[in-house]
Amino acid sequence: MLSDVIIERPRFDRVVLVVKWGASIIQIMGYTATGFGWTPWNLYLFLIGVLGWFAVGALWNDKALMLVHLVALGAMIARMASGPPS
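Description of the structure in this document.

Basis of the calculations
- Residues numbered from 1 in each chain as written.
- Predicted model: local features only at pLDDT ≥ 70, side-chain atom pairs only at ≥ 80, totals over all residues.
- Heavy atoms only, no water.
- Helix = DSSP H or I, 4+ residues; strand = E, 2+ residues; numbered from the N terminus.
- Buried < 20%, exposed > 50% of the residue type's maximum accessible area, 1.4 Å probe, protein only.
- Contact = heavy atoms within 4.5 Å.
- Areas by Shrake-Rupley, 256 points an atom, 1.4 Å probe, with all protein chains shown as cover.
- Phe/Tyr/Trp six-rings, centres within 6.5 Å; stacked < 30°, edge-to-face > 60°.
- Axes fitted to C-alpha atoms, helices over the stretch in contact; angles between N-to-C directions.
- Parallel < 35°, antiparallel > 145°, perpendicular 65-115°, else oblique.
- Left-handed = near helix turned anticlockwise from the far one by under 90°.

## Looking at the overall build of the protein chain
Within the protein chain one finds three helices and zero strands. What you see in the protein chain, going N to C, is helices and strands ordered as α-α-α. Taking all 86 residues of the protein chain together, 22% fall into the buried category. Sequence-distant contacts, at least 24 apart, represent 43% of the contacts inside the protein chain between residues at least 6 apart. Element-wise, carbon and sulfur atoms account for 74% of the exposed surface of the protein chain, whose accessible area totals about 6200 Å².

## Section: the packing of aromatic side chains
As enumerated under the stated definition, the model contains three aromatic pairs in all. Between tyrosine 31 and phenylalanine 46, the ring centres sit 4.9 Å apart and the planes meet at 70 degrees, which makes this aromatic pair edge-to-face. Remark: phenylalanine 46 occurs in helix H2 (residues 41-60) and tyrosine 31 occurs in helix H1 (residues 2-35); sequence separation between them is 15 residues. Residue class for phenylalanine 46 comes out buried when judged on its relative accessible area of 13%.

## What about the side chain of glutamine 27?
Along the chain, glutamine 27 falls in helix H1. If we skip the residues at most four places from it in the chain, glutamine 27 touches Phe46, Gly49, Val50 and Trp53.

## Considering the packing of H2 against helix H3 (residues 63-81)
Packing of H2 against H3 brings their axes to within 8 Å, and their N-to-C directions diverge by 155 degrees. When the interaxial angle is binned, H2 and H3 end up roughly antiparallel. Helix-helix and strand crossings are classified by hand; for H2 and H3 the assignment is left-handed. Residues Leu43, Tyr44, Phe46, Leu47, Val50, Leu51, Trp53, Phe54, Val56, Gly57, Ala58 and Trp60 of H2 lie in contact with H3, whose contacting residues are Leu65, Met66, His69, Leu70, Ala72, Leu73, Met76 and Met80.

So this is what it looks like as structure tokens:
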């Protein structure tokens, strides 16, 4: 029904807004943690931020946004699995 679509759209937009701003703030915290040398907290923050932005890409059906964050996620997981830095 048309009225259902009109009611549901603002809720969807609100979810996307909250996720993208939350993920952005967490990624900024990850950059800050990197700047201060707070390892591995920086990776954990980046991991949450990247997952958030991947979710935004999925909600927007934006394949480019999903791809870039999927690659970033893979790189972070590979680094975390390789053990502590030498």
